[in-house]
Amino acid sequence: MVGLGTWITFNVGNDPGLRDECADVMAAFFEGGGRMIDSSPMYGSSQPVVGYGLQKLGRPPALFSAEKVWTSSATAGPAQIEQSRRFWGVPKFDLVQVHNLLAWKAHLQTLLQMKAAGTVRYVGITTSEGRRHDLVEQIMRNEPIDFVQFSYNVVDRDAEARLLPLAAERGIAVIVNRPFRQGELTNRLKNKPLPEWAAELGVSSWAQLLLKFILSHPAVTVAIPATTRVDHVRENLSAAAGSMPDLATRQRISAHVKAL
Amino acid sequence: MSEWWTYRAEDFLLFSPRVYWRMFESHNAALWPLHVVTLAAGLLIILLIAWRPGVFARWIALILAVLWIFVGWSFLWNRYTTVNWAAAYIAPAFAVEGGLLLISALRDGLAFDRRGPVAWTGYLTLVFGIAGQPLLAPLQGRGWTSSEVFGIAPDPTAIATLGVLLLARGGLVPWLLPIPLLWCLLSGMTLRTMGEPQAWAPYAAVALTAAAWIWTIIRQRGSLPAA
């Protein structure tokens, strides 16, 4: 499954033209079968821009809303989540995650209470770029979380050692952020030819091959690439269709990209 | 947030270069033709320092005070905060700088009687902030619409102010320097993180100011003959 990240790409302020471009990306995302949109109070104007797009599109029923709580104050968490909900214009969030494990104990307690009260469907935690995997593992083992979000891609594979197997074992859904290393991988590879054997997977771009590598891991639930372009969101979504690489092909993809 | 050493400047950049420069386009479109007035104010500052510094020193500080408060409110508070929540913490610093300049004006606390290398460095920095910075946008292929103009955008306002302060003497000068210096450092870091070549401009303003200030201190201690 391919979702839609909003880090940087949806932080366009009050610019009407750029807000409409974001709404166009969201329209293409839902038309292509996309569901999960992920944002955070940390992402500047991304939340109201998502809300603008949702309002413009008539709040598509397929939406799976994934938000975060990001404040060092334990008591400020509920108010921040409520502010985020107003920005989105949704009755409640499907998922709220503790962003970057900031004040995670207090916020997780709040989120579990909200889940029990029915004001949020799922709870989770996030980290990125390989940070604090020990603590993430500890929380995954000891807390009743539904989702975990971390970075995983063809060159950053630390999560394969412990986090991904543990998520599979504990039945925790996995959201993968930074699938392209914030564009670094796709920029580095854009002038290199795709390997001939990539055609067997039905891919026509590096972005699709990189996403197929991630999505083919059995423990991964969804990857959330961010983009400002309609053609890219369609290209990303198509990576979830067709055949997926087996273990040997996954190793081949990783080795090939590292060698370039 | 732990593990600070694992974070890079890119991790704190919330927006893309496209959004950043569109912000200046929108700001310029909203305020035009106020640019004519602020540029005229900048030209007036240069002329007053060059020809009538004794009589009009307090007016120079007053003009800068108004522009710092205006830029802090109109750009940082009303516009930049929409894409960078940290700007809400920076905008008050612009008001503080405006307040300090206002105190300088009321106390007639600045004297523009510097000569020699420090003065010429001041003129160079001041003229660049007013006449050079707006040219960077078209020189880099973005067109005039996203130009940063003195009294409208923070970088040229801070750079020109550093030029004025290099030309000035007075007990308040050390209090007036930190905020424009820190802004130029922050702006340079932001531009460099975005991969924008014009990051050199605010960095150069900081380097020139620091060099001129160190020169002044050394000279005051008698290590060098008077310039």
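A brief structural summary.

So, how was this worked out
Along each chain, the written sequence defines residue order, and numbers are assigned to residues from 1. All chains are assigned letters beginning at A, and all ligands numbers beginning at 1, according to the order in which they are written. In keeping with the model being predicted, local features are shown solely for residues with a pLDDT of at least 70 and side-chain atom pairs are shown and tallied solely at 80 or more, while totals for entire chains, interfaces and linings include all residues. Side-chain numbers come from the whole structure's heavy atoms, not from hydrogens or water. Helical segments are the DSSP runs of H or I of at least four residues, strand segments are the runs of E of at least two, and each set is numbered from the N terminus. Accessible area is worked out with a 1.4 Å probe on protein chains only. A residue is then buried under 20% of its type maximum, exposed over 50%, and partly exposed in between. Contacts are residue-level and defined by heavy atoms, with any inter-residue pair within 4.5 Å sufficient. Areas reported as accessible are Shrake-Rupley estimates using a 1.4 Å probe. Residue values count occlusion only from the protein chains shown. Asp and Glu are treated as the negative residues and Lys and Arg as the positive ones, with His and the ends of the chain left uncounted. The atoms used to mark charge sites are NZ of Lys, CZ of Arg, CG of Asp and CD of Glu. As defined in this context, the radius of gyration uses C-alpha atoms, and a globule is described by 2.2 Å times the residue total to the power 0.38. Think of the arc as the fan of directions from the helix axis to the C-beta atoms. When two parts are brought into contact, each loses some accessible area as probed by a 1.4 Å sphere; the total of that loss over both is the buried area. For salt bridges, the criterion is a side-chain nitrogen of Lys or Arg within 4 Å of an Asp or Glu carboxyl oxygen.

1. Points about the overall build of chain A
Helix and strand content of chain A: ten helices and eight strands. In terms of principal-axis extent, the alpha carbons of chain A reach across some 55 × 45 × 25 Å. Here chain A holds 260 residues, and 57% of them are scored as buried. Considering only intrachain contacts with a sequence separation of at least 6, the fraction spanning at least 24 residues in chain A is 77%. As presented, chain A carries roughly 10500 Å² of accessible surface, and 50% of it is formed by carbon and sulfur atoms. The centroid of the 28 positive side-chain charges in chain A is displaced by 3 Å from the centroid of its 24 negative side-chain charges.

2. Brief notes about the overall build of chain B
Within chain B one finds ten helices and zero strands. Start at the N end of chain B and walk to the C end: the helices and strands fall as α-α-α-α-α-α-α-α-α-α. Here the C-alpha atoms of chain B give a radius of gyration of 18 Å, agreeing with the 17 Å that 2.2 N^0.38 yields for 227 residues. With the principal axes as the frame, chain B shows a C-alpha extent of 50 × 45 × 30 Å. Counting every position in chain B, which comprises 227 residues, the buried fraction comes to 52%. Partitioning the intrachain contacts of chain B with sequence separation of at least 6 by distance along the chain shows that 75% fall at a separation of at least 24. Of the roughly 10400 Å² that chain B leaves accessible, carbon and sulfur atoms contribute 72%.

3. Considerations on helix α6 (residues 163–170) of chain A
Since the α-helix turns once every 3.6 residues, residues separated by three or four places project in the same direction. Residues and elements named next belong to chain A. Of all the residues in α6, the buried ones are Leu 163, Leu 164, Leu 166 and Ala 167. All buried residues of α6 project into a common sector of 160 degrees when viewed along the axis, lining one side. In this structure, α6 carries Ala 168 and Glu 169 as exposed residues pointing more than 90 degrees from its buried face. At its buried positions, α6 is contacted by α5 (133–142), β6 (147–151) and β7 (173–177). Note on α6: the residue one or two positions beyond its end, Gly 171, has a positive phi of about 70 degrees.

4. Points about the interface of chain B and chain A
How big an interface is tends to be stated in terms of accessible area lost as the parts join. At the junction of the two partners, chain B supplies 19 residues and chain A supplies 22 residues. Buried area between chain B and chain A, summed over both chains or domains, comes out near 1700 Å², and the portion from carbon and sulfur atoms is 45%. Summed over the three residues of chain B that lose the most area to chain A, namely Leu 14, Arg 18 and Arg 22 of chain B, the buried surface amounts to 29% of that side. There are two salt bridges connecting chain B and chain A. Note that Arg 22 of chain B and Asp 15 of chain A form a salt bridge whose closest N and O atoms lie 2.6 Å from each other.

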